[in-house]
Amino acid sequence: MDRLFENAATHRGVSGTRGWVVAPLHGLNDPAAPQGRYILVAHDLTPADTAALDLDRVAGFCTASGGPTSHTVQVAHGLGIPAVVAAGTTVLELPAGTVCALDGDAGLLHAGLYGPDLQKAIAREDAMAERARVRREAAQAAGPAPGGVVLSTTFVKPAQAAELTRSAAAGIGLLATELLFLGREHEITDEDAHYRAYLDLARAVRGAEITVRTLDIGGDKPVPALNLPKEDNSFLGVRGIRLALRRPDTLLIPQLRALYRAAADGARLRIMFPMVTTVEEFTQAAAVAEKICRELAAPRIPLGVMVEVPACALAVDRFVEDVDFLSVGTNDLTQYLLAASRTNPALARDIDPLHVAVNRTVAHVADTAGPAGVPVSACGGLAASPVGAAVLASLGVNSLTVTLPAIPAVHEALSRLDDDSRQSIRHEALTTGGTRHLTEHVTTLLGL
Ligand code: PEP
Ligand code: MG
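Definitions and cut-offs
- Residues numbered from 1 in each chain as written.
- Chains lettered and ligands numbered in written order.
- Predicted model: local features only at pLDDT ≥ 70, side-chain atom pairs only at ≥ 80, totals over all residues.
- Heavy atoms only, no water.
- Salt bridge = Lys/Arg side-chain N within 4 Å of Asp/Glu carboxyl O.
- Helix = DSSP H or I, 4+ residues; strand = E, 2+ residues; numbered from the N terminus.
- Buried < 20%, exposed > 50% of the residue type's maximum accessible area, 1.4 Å probe, protein only.
- Domains from an automatic or database assignment.
- Buried area = accessible area lost by both parts, 1.4 Å probe.
- Pairing = 2+ DSSP bridges.
- Axes fitted to C-alpha atoms, helices over the stretch in contact; angles between N-to-C directions.
- Phe/Tyr/Trp six-rings, centres within 6.5 Å; stacked < 30°, edge-to-face > 60°.
- Lys NZ or Arg CZ within 6 Å of the ring centre and 35° of its normal.
- Near = heavy atom within 4 Å.
- Polar contact = N/O pair within 3.5 Å; in protein donor to acceptor, adjacent residues only side chain to side chain.
- Nonpolar A, V, L, I, M, F, W, Y, C, P; charged D, E, K, R; others polar.
- Contact = heavy atoms within 4.5 Å.

Draft legend 1. Layout of the pattern of salt bridges. Throughout the structure, instances matching the rule amount to 20 salt bridges. Here E130 and R133 are joined by a salt bridge, their closest N and O atoms 2.7 Å apart. Here E130 pairs with R133, and both are found in helix α3 (residues 115–142), just three residues apart, close to one helical turn. Residue R133 is classed as partly exposed on the basis of its relative accessible area, which comes to 32%.

Draft legend 2. The domain arrangement of the protein chain, seen in detail. Assigned domains of the protein chain: these are domain 1 (3–130) and domain 2 (145–446). Taking the mean C-alpha position of each, domain 1 and domain 2 sit 28 Å from one another. Taking both sides of the interface into account, the surface hidden between domain 1 and domain 2 amounts to around 1900 Å²; carbon and sulfur atoms contribute 61%. The largest share of the area that domain 1 buries against domain 2 comes from T69, H71 and G78, three residues that together contribute 32% of it. Applying the counting criterion to the domain 1 and domain 2 interface returns zero salt bridges.

Draft legend 3. Focus on the sheet that holds strand β6 (residues 83–85). Across the sheet, which stays open at both edges, the eight strands sit in the order β1-β8-β7-β3-β4-β5-β6-β2 with mixed pairing between neighbours. Among the strands making up the open sheet, the edge pair consists of β1 (9–12) and β2 (14–17). Each adjacent strand pair in this sheet contributes to an overall mean axis angle of 30 degrees, direction not counted. The pairing of strand β3 (residues 20–27) with strand β4 (residues 38–42) spans three bridges and is classified as parallel. The residue of β4 that forms the bridge with L25 is I39.

Draft legend 4. Summary view of the packing of aromatic side chains. Considering all chains together, one arrives at two aromatic pairs under this definition. On the numbers, 6.1 Å between centres and 65 degrees between planes, the contact of F273 with F282 is edge-to-face. The cationic tip of R124 hangs over the ring face of W20; the distance from NZ or CZ to the ring centre is 4.3 Å. Between the NZ or CZ atom of R261 and the centre of the ring of Y195, over which it lies, the distance is 4.1 Å.

Draft legend 5. Highlighting the site of ligand 1. If you check the shell around ligand 1, you find 16 residues, and the closest are H71, R213, G329, N331 and R342. Between ligand 1 and the protein, one listed contact pairs an oxygen atom with a backbone N or O atom of G329 at 3.4 Å. The backbone of T330 places a nitrogen or oxygen atom 3.1 Å from an oxygen atom of ligand 1. For the shell around ligand 1, the elements supplying multiple residues, two or more each, are α2 (71–79) and α12 (330–338). Residue contributions to the shell around ligand 1 peak at three residues, all from α12. Here the residues of the shell around ligand 1 are counted per class, giving three nonpolar, six polar and seven charged.

Draft legend 6. Representation of the sheet that holds strand β13 (residues 303–307) within the structure. Read around the barrel, eight strands follow the order β9-β10-β11-β12-β13-β14-β15-β16 and close on themselves; strand pairing throughout is parallel. The mean angle between the axes of side-by-side strands here comes to 30 degrees, regardless of whether they run parallel or antiparallel. Both strand β9 (residues 150–154) and strand β10 (residues 171–176) contribute to a ladder of two bridges, which runs parallel. In the strand pairing of β10, T154 is matched with L174. Contacts between helix α9 (residues 279–295) and the sheet are confined to β12 (269–273) and β13, with β13 contributing the most and set at about 150 degrees to the helix. Sheet strands touched by helix α13 (residues 356–369): β13, β14 (325–328) and β15 (376–378). Its angle to β14, the strand with the most contacts, is close to 170 degrees.

Draft legend 7. Structural context of unusual backbone geometry. Of note, the phi angle at N29 is positive, near 55 degrees, even though the residue is not glycine. Relative to the assigned elements, N29 resides in the loop between β3 and β4. Located in the positive-phi region is A86, a residue other than glycine, with phi close to 55 degrees. Along the chain, A86 turns up in the loop between β6 and β7 (99–103).

Following this line, the structure appears as structure tokens:
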């Protein structure tokens, strides 16, 4: 690799959120951190830490630990804050105030910039900001559905809603409801708090459709207020729908009641259940939902499942008769197919969401659901990269849920897809696969 800078030391991590920022480096709660923008360095950040970052000051972050598909990175994606993870503990030894360039695309931290190096880094930041502006305008001008693929967004805070209505997104494709309660987890079982959150958001996005994922607690999202027993391997434990069905009175019923009340008051919603393994889990949850719908005389809400457990993906033919829609969660699907934890930094480089096995599984889901008339979306981090989006669309996924900041670049990639390129990408994805190979193939083919 050519050296980009004369004097800066490059620390290699893994790409978390794309983007390039130049700023001094400081630790969490460093009293010397400037009032202006800085790059945060930390051993790791929880999803709650990340959601609470002051974005007027924290321009990006680099963690020694973590993984590229962790929930921390999902939150960073949603906030549009560049991030490098799994960079190793040497980044923790850099003196506070070291001027750095954080390269979220390549997963690098260039530390110790001055003189011509610094000028070069700032020029790149300016050029990337300009490119992002041009893309954003092109995406807004081109309308919502390039190449027949519907775009929607993930994790929109009410404050970002105005931006959503100006973007090419049709609505919110993944509202991760547990993230709405970060920092005030004691409200997570409170029906009225849920109801207010959904109605406020529905109003803020001016009636656009919101796909609400029921609480996905467990894994790397513990909720201390619930006093859940500690599990040896929480990603394989009582997570998502498994927990909701075990605690219907505190988790499932209050949330579903809040959703149907919001729908009765005009919110346009779909409900999807996370971490579903068996059809019985879905039918059990759907029966609770439908009972509440009748009791409240509320409008019917489409019900679907996230396809993120391999058993669900392989037996998807058993689901298509019952569900209204499916949404592939590529983060967990990849973790479970590759048997590689999302949060283990030692495996951060091995987690390949474009592994041929993942691609074949996505294609199987789309090929089974399509003829049954069940729409399939994808809502993991993969969809937010232009290459990932092009691959998912070529494998037959009908809609992609991406973060707001990622929409322009994804829109551009999708608008370059035609029947021939789709076929070629599909072929490569299902035969060779792999991020490195597909990145080369897709970027050359689409001129990205
Ligand atoms: C996923 O698993 O791909 C997903 C979208 O859900 P989460 O990252 O919140 O587990
Ligand atoms: Mg998931």
